[in-house]
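# Residue-level structural notes
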Amino acid sequence: AKAELEAIIKEKQSRIDEKIMRKEKIRKELEMQATVLSEKAIRQRQDELDRMERDIQRLIDDSNAEIQRRQRQMELSILKELDAIITELGKEEGYTIILPAEVILYSGEGTDITDRVIEKYDKSKSSSHKQNTTSEESNDPAGKPEETGK
């Protein structure tokens, strides 16, 4: 998820940089030609630069909003997976209630299940990654791993 978000940020930044470079090129051209251009032409180029600046700012704002939206989506997806893992762990180990650590004022040693939740989450990610890799490599058109007959 982090790599996907970083790729989105890199792509957005590239688009922004490209527009800034284009604007700077026009600004430099205007500076060099200012002595030979009419007042009207200078105003038109300045208006164009102002429009470009607004477009760049809008692109920055839109990019930031999209990145934040994607980050929230990824976080919600991870939280949903963690919720399922915590529920499963609670049932397997016979817990009556599982609370987030920030709610607990005191707990005895050995009651923190964070490490086990992380371990199960990591296992689910590595097994789903292995399944995806296996599915992509197999000739099974459904993309499903073969059953082993357990």
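Source: prediction; values computed, not measured.

Conventions used here
Residues numbered from 1 in each chain as written. Predicted model: local features only at pLDDT ≥ 70, side-chain atom pairs only at ≥ 80, totals over all residues. Heavy atoms only, no water. Helix = DSSP H or I, 4+ residues; strand = E, 2+ residues; numbered from the N terminus. Buried < 20%, exposed > 50% of the residue type's maximum accessible area, 1.4 Å probe, protein only. Contact = heavy atoms within 4.5 Å. Expected span 1.5 Å × (residues − 1). Salt bridge = Lys/Arg side-chain N within 4 Å of Asp/Glu carboxyl O. pLDDT = per-residue confidence, 0-100. Axes fitted to C-alpha atoms, helices over the stretch in contact; angles between N-to-C directions. Parallel < 35°, antiparallel > 145°, perpendicular 65-115°, else oblique. Core = buried A, V, L, I, M, F, W, Y, C linked by side-chain atoms within 4.5 Å. Patch = residues over 30% accessible without salt bridge, like charges linked within 9 Å, V, L, I, M, F, W, Y side chains within 5 Å. Areas by Shrake-Rupley, 256 points an atom, 1.4 Å probe, with all protein chains shown as cover.

This brings us to the overall build of the protein chain. When helices and strands are counted, the protein chain shows three helices and zero strands. Within the protein chain, the proportion of its 150 residues that are buried is 15%. A sequence separation of at least 24 residues applies to 66% of the contacts in the protein chain between residues at least 6 apart.

Below, the discussion takes up helix α2 (residues 39-93). In this model, α2 (55 residues) spans 80 Å end to end at C-alpha, consistent with the 81 Å of a helix rising 1.5 Å per residue. Note on α2: the residue one or two positions beyond its end, G94, has a positive phi of about 75 degrees.

Let us now look at the environment of T87. Here T87 is to be found in helix α2. Residues T87 and I98, 11 residues apart in the sequence, show an inter-C-alpha distance of 8.7 Å.

What follows is about helix α1 (residues 2-33). In this model α1 runs 46 Å from its N-terminal to its C-terminal C-alpha over 32 residues, within 8% of the 46 Å that 1.5 Å per residue would give. By the burial criterion, the buried members of α1 are L5, I8, K12, I16, K23, I26 and L30. On its buried face, α1 is in contact with α2.

To continue, consider the pattern of salt bridges. A complete count under the given rule lists 14 salt bridges for this structure. Two residues, E24 and K23, come together in a salt bridge whose shortest N-O distance is 3.8 Å. Exposure remark for E24: the relative accessible area of 25% places this residue in the partly exposed category. You can call K23 buried: its relative accessible area is 14%. Here the residues in one salt-bridge network are K23, E24, R27, E31 and E53, joined through shared partners.

On to the confidence of the model for the protein chain, then. Mean pLDDT over the protein chain works out to 85, with 85% of the residues at or above the 70 mark. In the model of the protein chain, helix α3 (residues 114-137) stands out as the element of lowest mean pLDDT, 76, in contrast to α2, which has the highest, 95. Counting interchain partners and residues more than four positions distant, the pLDDT-below-50 stretch residues 135-150 has four contacts.

Before going further, it helps to spend a moment on the packing of α1 against α2. The relative placement of two packed helices is expressed as an angle between their axes plus a distance between the axes. Contact geometry of α1 with α2 gives a least axis separation of 10 Å together with a crossing angle of 175 degrees. One finds that α1 runs roughly antiparallel with respect to α2.

Right, let's get into the environment of A34. Relative to the helices and strands, A34 is located in the loop between α1 and α2. Between the alpha carbons of A34 and R45 there is a distance of 10.0 Å; along the sequence they are 11 residues apart.

The next subject is the environment of Q68. Note on placement: Q68 falls in helix α2. On a C-alpha basis, the gap between Q68 and L5 in space is 9.6 Å, while along the polypeptide they are 63 residues apart.

A few words now on the nonpolar core. Counting residues in hydrophobic clusters, the biggest one holds five residues: I85, L89, I113, V117 and Y121. Among the secondary structure elements, those contributing two or more residues to this core are α2 and α3. With residues near it in sequence (within four places) discarded, I113 still touches L89, Y95 and I98.

Attention now moves to a nonpolar patch on the surface. A cluster of nonpolar residues, I97, L99, V103 and I104, forms a patch on the protein surface that exposes about 350 Å² of accessible area. Here I104 shows up in the loop between α2 and α3.

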